[in-house]
Amino acid sequence: MVISPEDELYVIDFQMCGVADAYHVLTGVGVSAMYSVPFAMGQIDGYFGETVPEDFWKKYNLYMTAEMLYAFTVGVHMEEEREETLHMFDDEMDRMKNNGSLVPTWYKKNCN
């Protein structure tokens, strides 16, 4: 915890401390979308100011594929994570096979 000069309390979480591509960090919105599409859309739109650059979706898909493969190899062996992991994996695979778009279906069909 840190106290500012104005006596405001801030909490810093160093669990995942490091330098990373900001687009990679945003792959977490895929998990958010499983629980709340409006929240996940708010994460993306809030970060980009509602104008998402095309290169984001290309990198998002690359990073999501890598994350998915890792989560699949770990998650299927953990009883409490298995169903969620398989659900996320199936959703992403369906999107890649059937959608043909770099933009996830949950985002694309909910844009104004």
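See the structure above.
Reading the values: the criteria
- Residues numbered from 1 in each chain as written.
- Predicted model: local features only at pLDDT ≥ 70, side-chain atom pairs only at ≥ 80, totals over all residues.
- Heavy atoms only, no water.
- Patch = residues over 30% accessible without salt bridge, like charges linked within 9 Å, V, L, I, M, F, W, Y side chains within 5 Å.
- Areas by Shrake-Rupley, 256 points an atom, 1.4 Å probe, with all protein chains shown as cover.
- Salt bridge = Lys/Arg side-chain N within 4 Å of Asp/Glu carboxyl O.
- Helix = DSSP H or I, 4+ residues; strand = E, 2+ residues; numbered from the N terminus.
- Phe/Tyr/Trp six-rings, centres within 6.5 Å; stacked < 30°, edge-to-face > 60°.
- Buried < 20%, exposed > 50% of the residue type's maximum accessible area, 1.4 Å probe, protein only.
- Core = buried A, V, L, I, M, F, W, Y, C linked by side-chain atoms within 4.5 Å.
- Contact = heavy atoms within 4.5 Å.

Draft legend 1. Spotlight on a nonpolar patch on the surface. A cluster of nonpolar side chains, contributed by Met 1, Ile 3, Leu 9 and Val 11, occupies part of the molecular surface with about 510 Å² of accessible area. Topologically, Met 1 is positioned in the segment before β1 (2-3).

Draft legend 2. Summary view of the packing of aromatic side chains. Scanning the entire structure with this criterion turns up eight aromatic pairs. On the numbers, 5.1 Å between centres and 55° between planes, the contact of Trp 57 with Tyr 107 is tilted. In this pair, Trp 57 is assigned in helix α4 (residues 54-75) and Tyr 107 in helix α6 (residues 105-108), connecting sequence segments 50 residues apart. Pair check on accessibility: Trp 57 and Tyr 107 agree, each one buried. Among the aromatic residues, ring-to-ring pairing joins Tyr 23, Tyr 47, Phe 48, Phe 56, Trp 57, Tyr 60 and Tyr 107 into one connected group.

Draft legend 3. Up close: the nonpolar core. Residues Ile 44, Phe 56, Trp 57, Trp 106 and Tyr 107 are the most contacted members of the largest nonpolar core, which totals 17 residues. Mapped by element, the contributors of at least two residues to this core are α2 (29-35), α3 (37-48), α4 and α6. When residues of this core are assigned to their parent elements, the largest contribution, five residues, is made by α4. In this structure, Trp 106 is in contact with Val 29, Gly 30, Ala 33, Val 37, Ala 40, Met 41, Ile 44 and Tyr 60, ignoring residues within four places of it in sequence.

Draft legend 4. How the structure looks around unusual backbone geometry. Located in the positive-phi region is Asp 7, a residue other than glycine, with phi close to 65°. In this structure, Asp 7 sits in the loop between β1 and β2 (9-10). Assessed through its relative accessible area of 67%, Asp 7 is described here as exposed.

Draft legend 5. Expanded view of the environment of Val 25. Position of Val 25 among the secondary structure elements: in helix α1 (residues 22-25). On the basis of relative accessibility, which here comes to 55%, the residue Val 25 falls in the exposed class. Separated by 83 residues in the primary sequence, Val 25 and Lys 108 place their C-alpha atoms 20 Å from one another.

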